[in-house]
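If you want the building blocks of each chain, they are given just below.
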Amino acid sequence: TDRFLKLIKSDFWLWGTLLAYPRDARPYCAVLDKIQAMTTPSTMHFLNLAVRCLEGDEVYLETGTWRGGTFIGALLGNDKRGYAIDDDSMDNHDKDERPSRDVWMENIEQFGVADRAAYIEAPVPDVWNYGKLTDGHPVGVYLFDGDKSTAARALEGLYGVVPLLAKEAVII
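Below is a short write-up of the structure. (Residues numbered from 1 in each chain as written. Predicted model: local features only at pLDDT ≥ 70, side-chain atom pairs only at ≥ 80, totals over all residues. Heavy atoms only, no water.)

Digging into the nonpolar core
Stated precisely, the cut-off is as follows: Within this scheme, the nonpolar core is defined by two criteria: the residues are buried Ala, Val, Leu, Ile, Met, Phe, Trp, Tyr or Cys, and they are joined through side-chain atoms within 4.5 Å. Three exposure classes are used, based on accessible area relative to the maximum for each residue type with a 1.4 Å probe and protein chains only: buried under 20%, partly exposed in between, and exposed over 50%. Where helices and strands are cited, they refer to DSSP runs of H or I of at least four residues and of E of at least two residues respectively, numbered from the N terminus. Residues count as neighbours in contact if any of their non-hydrogen atoms are within 4.5 Å of one another.
Judged by nonpolar contacts, the single largest core of 31 residues is most densely connected at Tyr 60, Phe 71 and Ile 72. For this core, the secondary structure elements donating two or more residues are helix H1 (2-11), helix H2 (26-32), helix H3 (41-52), helix H4 (69-75), helix H5 (100-110), strand S5 (117-121) and strand S6 (139-144). Top element by residues in this core is H3. It accounts for five residues. Contacts of Ile 72, omitting those with residues within four sequence positions, involve Val 31, Ile 35, Asn 107, Ile 108, Phe 111 and Val 113.

Here it is as structure tokens:
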């Protein structure tokens with residue numbers, strides 16, 4: 001986590017302000033120019049730095065991946081493995097009738113992270129009962145971007161991941 005905190009300060013302009021922005025946003029802008037996503041270069045780079053700091057066999061886990069924008073940002077340019085959970089409930093945001101899973105697969109293939117990615121189609125909290133959700137790997141970075149419509153729904157997304165977390169995990 002010390003390495004992560006140092007990277008954040010050096011890799012962002014105006015870190016610690018509402019105007020924080022990656023010193024090099026080009027890789028993330030290239031992604032966002034080609035796919036439908038609800039993220040920003042700042043979020044993508046923040047996640048990418050966290051994932052770059054994973055240790056040993058730790059993995060990235062994301063709940064609410066939709067079409068993969070944040071997931072791609074997290075894995076872009078590194079060799080870490082990631083798992084994405086989604087229940088395809090964001091249909092009202094789609095610009096087409098295709099299942100999110102299909103679009104997610106195309107998107108992660110397009111940006112070269114498919115060989116290190118797994119998609120789990122399931123709702124929270126049901127997914128927490130799936131056994132070896134991350135193939136036994138500890139989760140070093142967890143992004144919860146799932147249902148936060150109520151405090152109870154948000155807590156379901158957080159409580160369930162606790163047994164999967166690495167000793168020192170980043171939760172976003």
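Overview of unusual backbone geometry
Residue Pro 125 is reached from Val 124 by a cis peptide bond, and omega for that bond is 15°. Mapping Pro 125 onto the fold places it in the loop between S5 and S6. For Leu 14, which is not glycine, the phi torsion reads 55° and is therefore positive. One can find Leu 14 in the loop between strand S1 (12-13) and strand S2 (21-22). The phi torsion at Asp 135 lies on the positive side, around 55°, for a residue other than glycine.

Some words on the sheet that holds S5
Adjacent strands of a sheet form backbone hydrogen bonds with each other and so pair up, either parallel or antiparallel. Short version of the rule: One bridge is not enough; two strands pair if DSSP finds at least two bridges between them. A fitted line through C-alpha atoms represents every axis, and for helices the fit uses only the stretch in contact; the resulting angles, taken between N-to-C directions, go from 0 to 180 degrees.
If you trace the five strands from one edge of the open sheet to the other, you get S5-S4-S3-S6-S7, paired in parallel fashion. Two strands close off the open sheet at either side, each with one partner strand: S5 and strand S7 (165-171). In this sheet, adjacent strand axes meet at a mean angle of 20° when their direction is disregarded. Direction of pairing for strand S3 (residues 59-63) relative to S6: parallel, over a ladder of five bridges. Within S6, the position partnered with Glu 62 by the bridge is Leu 143. Against the sheet, H5 contacts strand S4 (82-86) and S5, and its axis sits at roughly 175° relative to S5. Contacts from helix H6 (residues 151-159) reach S6 and S7, with the element oriented near 165° to S6.

Remarks on the environment of Leu 155
Looking at the secondary structure, you find Leu 155 in helix H6. Separated by 30 residues in sequence, Leu 155 and Pro 125 have C-alpha atoms that sit 9.5 Å apart.

Here we look at the pairing of S4
Along S4, five of the five residues are buried, which leaves the element largely enclosed by surrounding structure. The side-chain alternation of S4 yields two buried faces, one formed by Gly 82, Ala 84 and Asp 86 and the other by Tyr 83 and Ile 85. Where S3 lies against S4, four bridges are found, and the strand directions are parallel. Bridging across to S4, Tyr 60 finds its partner in Gly 82. By the bridge criterion, five bridges tie S4 to S5 in an arrangement that is parallel. Following the sheet pairing, Ile 85 is matched in S5 by Ile 120.

Here we look at the packing of H1 against H3
When two helices pack together, their arrangement is captured by the angle between the axes and the distance separating the axes. Operational definition: Less than a right angle of anticlockwise turn of the near helix away from the far helix marks a crossing as left-handed, whereas a clockwise turn marks it as right-handed. All amino acids are sorted into three groups, where Ala, Val, Leu, Ile, Met, Phe, Trp, Tyr, Cys and Pro are nonpolar, Asp, Glu, Lys and Arg are charged, and the leftover types, Gly among them, are polar.
One can describe the packing of H1 onto H3 by two numbers: an axis separation of 9 Å at closest approach and a directional angle of 145°. As H1 runs across H3, the sense of the crossing is right-handed. Residue-level contacts link Arg 3, Phe 4, Leu 7, Ile 8 and Asp 11 of H1 to His 45, Phe 46, Leu 49, Ala 50 and Arg 52 of H3. For the contact of H1 with H3, a count of residues per class yields six nonpolar, one polar and three charged.

Digging into the packing of aromatic side chains
Heads up, the rule is: Side-chain rings of Phe, Tyr and Trp, where Trp is taken by its six-membered ring, are said to pair if the distance between their centres is within 6.5 Å; with planes under 30 degrees apart they count as stacked, over 60 as edge-to-face, and otherwise as tilted. Working rule: Lys NZ or Arg CZ, within 6 Å of ring centre, within 35 degrees of ring normal, means a charge sits over the ring.
Tallying each qualifying case throughout the model produces eight aromatic pairs. When the ring of Trp 128 is compared with that of Tyr 142, the centres are 6.3 Å apart and the planes differ by 70°; the resulting orientation is edge-to-face. Here Tyr 142 lies in strand S6 and Trp 128 lies in the loop between S5 and S6, a separation of 14 residues in the sequence. According to the relative accessible area criterion, Trp 128 is buried, its value standing at 17%. Accessibility expressed as a relative area gives 0% for Tyr 142, which makes it buried. Taken together, the aromatic side chains of Phe 4, Phe 12, Trp 15 and Phe 46 make up a single cluster linked through ring pairs. Its end group placed over the ring of Trp 13, Arg 23 keeps NZ or CZ at 4.0 Å from the ring centre. Over the ring of Phe 144 we find Lys 148, and its NZ or CZ is 5.5 Å from the ring centre.

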